[in-house]
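Structural characterization, general
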Amino acid sequence: MSLNSIRPWRHIERRKSRQIMVGNVPVGGDAPITVQTMTNTLTTDIKGTIAQVQAAADAGADIVRVSVPDEASSRALREIVPEVSVPIVADIHFHYKRGIEAAEAGAACLRINPGNIGDEKRVKEVIKAARDHNCSIRIGVNAGSLERHLLEKYGEPCPDAMVESGLDHIKILQDNDFHEFKISCKASDVFMAAAAYQQLADATDAPIHLGITEAGGLISGTVKSAIGMGNLLWAGIGDTIRVSLSADPVEEVKMGFEILKSLGLRHRGVNIISCPSCARQGFDVIKTVEILEQRLEHIKTPMSLSIIGCVVNGPGEALMTDVGFTGGGAGNGMVYLAGKQSHRQDNATMIEHIVEQVEKKAEELEAQAAAEATAAQ
């Protein structure tokens, strides 16, 4: 439950955007901010790609993008799309015909890059295929592949050049009476990306796909993405996001949710609040949290868990969480349920006990949500 109404300093007013559909997933408007990732398998490896899409979906991905660099990949899409549970975005570069083929193969959305998709005539053919097959389009501007005339005009990649590229292609789509589109303007430079997105948000009501492209490895890429996208999301900008990492796509999904959870914009699974540990800790906080993160991955229900090593901040944090454990010394600690002291538990058995308490609370919350949904009907 959001408490932003009584804590105004937590309030984020989202930018008003049009809503489009990516398959059966709404993007923009008042829809939840969706989390995306992209496969890194060869698309022609049909079994491997299906497995990776499903792993991402199981981790919470709402939409998954698949690269379509050649005709064999287009053919593979025909077998991939029916076997997965999330909408597929076909990533199209250079060869506009791949976009046409991907639409025919069942892609829910086509990502086209203004810097390399070709002239307006080719874009019109992609638009026709998208319309004929009930497919949306993402205009994917990238600082690393801007059109030559814009680089000559501005001298280098910059926010103005990126936004101009995006708006030029929005005009092509709108001139062809096509409005089922979203747009992104990614850069690996956090400052450039944020500035471009801020300009773009003022210039169009299209849904915006956020990302810091080529962000880096798991740690550095997550930090850059959290800074760049977090700044924009806090300002209300962004309808769908991808954390671009040199890592397993499942990690991109996890990091995306963590960014949204930190801002109260999306809730999924257990939000663990834990201390960095110190000499006061009554148990091994770091190891405990590491194990609990793995043991609780299966929980989808939004809920909170505090794991604090001592009584300095432990009781206060536990007041704000569904389940809490605070170290107290003497080989045991205090378990809190719904913010209240419940009982003491030995450190030796605390992990199993905490998992049981979290699973029990998740069941209670799910039953409560189901009852409320039934009552509202």
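The structure this text deals with has already been given above.
What comes next concerns the included structure. (Residues numbered from 1 in each chain as written. Predicted model: local features only at pLDDT ≥ 70, side-chain atom pairs only at ≥ 80, totals over all residues. Heavy atoms only, no water.)

**Things to note about the packing of aromatic side chains**
- Within the structure shown, the criterion is met by one aromatic pair.
- Centroid distance Phe-283 to Phe-325: 5.3 Å. Interplanar angle 75 degrees. Geometry classified as edge-to-face. Highlighted residues: Phe-283 in the loop between strand E11 (270-274) and helix H10 (285-295) and Phe-325 in strand E13 (residues 323-327), separated in sequence by 42 residues. Summarising the burial analysis for this pair, Phe-283 and Phe-325 share the class buried.
- Sitting over the face of the ring of Phe-181, Arg-18 holds its NZ or CZ atom 4.8 Å from the ring centroid.
- Seen from the ring of Phe-257, Arg-268 lies directly overhead, with NZ or CZ sitting 5.7 Å from the centre. (Phe/Tyr/Trp six-rings, centres within 6.5 Å; stacked < 30°, edge-to-face > 60°. Helix = DSSP H or I, 4+ residues; strand = E, 2+ residues; numbered from the N terminus. Buried < 20%, exposed > 50% of the residue type's maximum accessible area, 1.4 Å probe, protein only. Lys NZ or Arg CZ within 6 Å of the ring centre and 35° of its normal.)

**Remarks on the side chain of Arg-138**
- Locating Arg-138 in the fold gives a position in strand E7 (residues 136-142).
- The buried charged residue Arg-138 lacks any salt bridge, with Asp-91 as its nearest oppositely charged partner at 5.0 Å. (Lys, Arg positive; Asp, Glu negative; His and termini not counted. Salt bridge = Lys/Arg side-chain N within 4 Å of Asp/Glu carboxyl O.)

**Looking at the pattern of salt bridges**
- Going through the model one piece at a time under the given rule, you end up with 17 salt bridges.
- Ionic pairing is found between Arg-14 and Asp-239, a salt bridge with its closest N-O pair at 3.0 Å. Of this pair, Arg-14 sits in the segment before strand E1 (20-22) while Asp-239 sits in the loop between helix H8 (218-234) and strand E10 (240-242), and the two are 225 residues apart along the sequence.
- Arg-242 serves as the salt-bridge partner of Glu-252, at 2.9 Å between the closest nitrogen and oxygen. One end of the pair, Glu-252, is in helix H9 (residues 249-262); the other, Arg-242, is in strand E10, with ten residues separating them in the sequence. Each member of the pair, Glu-252 as well as Arg-242, is classed as buried.

**Brief notes about the sheet that holds strand E8 (residues 181-186)**
- Spatial strand order, E8-E7-E6-E5-E4-E3-E10-E9: eight strands in an open sheet with parallel pairing. Each having just a single partner strand, E8 and strand E9 (209-210) make up the two edges of the open sheet.
- Alignment of strand E3 (residues 34-38) against strand E4 (residues 63-67), held across three bridges, turns out to be parallel. From the neighbouring strand, Met-38 faces E4, where its bridge partner is Arg-65.
- Lying over the sheet, helix H6 (residues 159-175) contacts E7 and E8, oriented at roughly 155 degrees with respect to E7.
- Together, E3 and E10 form the strand contacts of H9, whose direction differs from that of E3 by roughly 155 degrees. (Pairing = 2+ DSSP bridges. Contact = heavy atoms within 4.5 Å. Axes fitted to C-alpha atoms, helices over the stretch in contact; angles between N-to-C directions.)

**Overview of a negative patch on the surface**
- A cluster of acidic residues, Glu-356, Glu-359, Glu-363 and Glu-366, forms a negative patch on the protein surface.
- Note that Glu-363 resides in helix H12 (residues 350-376). (Patch = residues over 30% accessible without salt bridge, like charges linked within 9 Å, V, L, I, M, F, W, Y side chains within 5 Å. Areas by Shrake-Rupley, 256 points an atom, 1.4 Å probe, with all protein chains shown as cover. Charge placed at Lys NZ, Arg CZ, Asp CG, Glu CD.)

**Thoughts on the packing of helix H2 (residues 71-80) against helix H3 (residues 96-105)**
- Axis separation between H2 and H3 bottoms out at 8 Å; the angle between their running directions is 15 degrees. Overall, the two elements H2 and H3 adopt an arrangement that is roughly parallel. Along this stretch, H2 crosses H3, giving a crossing that reads as right-handed. Note on element contacts: H3 touches H2 through Arg-98, Glu-101, Ala-102, Glu-104 and Ala-105, opposite Glu-71, Ser-74, Leu-77 and Arg-78.
- Partitioning the contact of H2 with H3 into residue classes produces three nonpolar, one polar and five charged. (Parallel < 35°, antiparallel > 145°, perpendicular 65-115°, else oblique. Left-handed = near helix turned anticlockwise from the far one by under 90°. Nonpolar A, V, L, I, M, F, W, Y, C, P; charged D, E, K, R; others polar.)

**A short note on the packing of H8 against H9**
- Interaxial distance between H8 and H9 falls to 10 Å at its minimum, and their mutual angle equals 40 degrees. Every pair of crossing elements has a handedness; the one defined by H8 and H9 is right-handed. Judged by residue contacts, Leu-218, Thr-222, Ser-225, Ala-226, Met-229 and Leu-233 of H8 engage Glu-251, Met-255, Ile-259 and Leu-260 from H9.
- Per-class residue counts for the contact of H8 with H9 are seven nonpolar, two polar and one charged.

**Regarding the pairing of E7**
- The buried fraction of E7 amounts to seven of the seven residues, a majority that puts the element mostly inside the structure.
- Residues Ser-136, Arg-138, Gly-140 and Asn-142 line one face of E7 and the alternating positions Ile-137, Ile-139 and Val-141 line the opposite face, and both faces are buried.
- Bridge count between strand E6 (residues 109-112) and E7: four bridges; the pairing is parallel. Within E7, the position partnered with Leu-110 by the bridge is Ile-137.
- Handedness of the β-α-β unit built from E6, helix H4 (residues 120-132) and E7 comes out right-handed.
- Sheet topology note: the E7/E8 ladder contains six bridges and is parallel. Its bridge partner being in E8, Arg-138 is matched across the sheet by Lys-182. (Right-handed = clockwise from strand over helix to strand, strands pointing away.)

**Comments concerning the sheet that holds E13**
- Read from one edge of the open sheet, five strands run E11-E12-E13-E14-E15, paired in mixed fashion. Two strands lie at the open edges of the sheet, namely E11 and strand E15 (340-346), each paired on one side alone. Taking each pair of neighbouring strands and ignoring which way they run, the sheet shows an average axis angle of 20 degrees.
- The sheet contact formed by strand E14 (residues 332-337) and E15 spans six bridges and is antiparallel. Residue pairing in the sheet places Tyr-336 in a bridge with Gln-341 of E15.
- Packed on one face of the sheet, H10 meets E11 and strand E12 (303-308) and runs near 155 degrees to E12.

**Notes on H9**
- Along its 14 residues, H9 runs 20 Å from first to last C-alpha, staying within 8% of the 20 Å computed at 1.5 Å per residue.
- Here H9 lies mainly inside the structure; ten of its 14 residues are buried.
- Taken as a whole, H9 has its buried residues at Pro-249, Val-250, Glu-252, Val-253, Met-255, Gly-256, Phe-257, Ile-259, Leu-260 and Lys-261.
- Those residues of H9 that are buried are in contact with E3, helix H1 (46-58), H8, E10 and E11.
- For H9, the N-terminal capping position is held by Asp-248, with its side-chain oxygen 2.8 Å away from the main-chain nitrogen of Val-250.
- Looking one or two residues past H9, Gly-264 carries a phi angle of roughly 70 degrees, positive in sign. (Expected span 1.5 Å × (residues − 1). Polar contact = N/O pair within 3.5 Å; in protein donor to acceptor, adjacent residues only side chain to side chain.)

Purely spatial values, then, with no claim about function.
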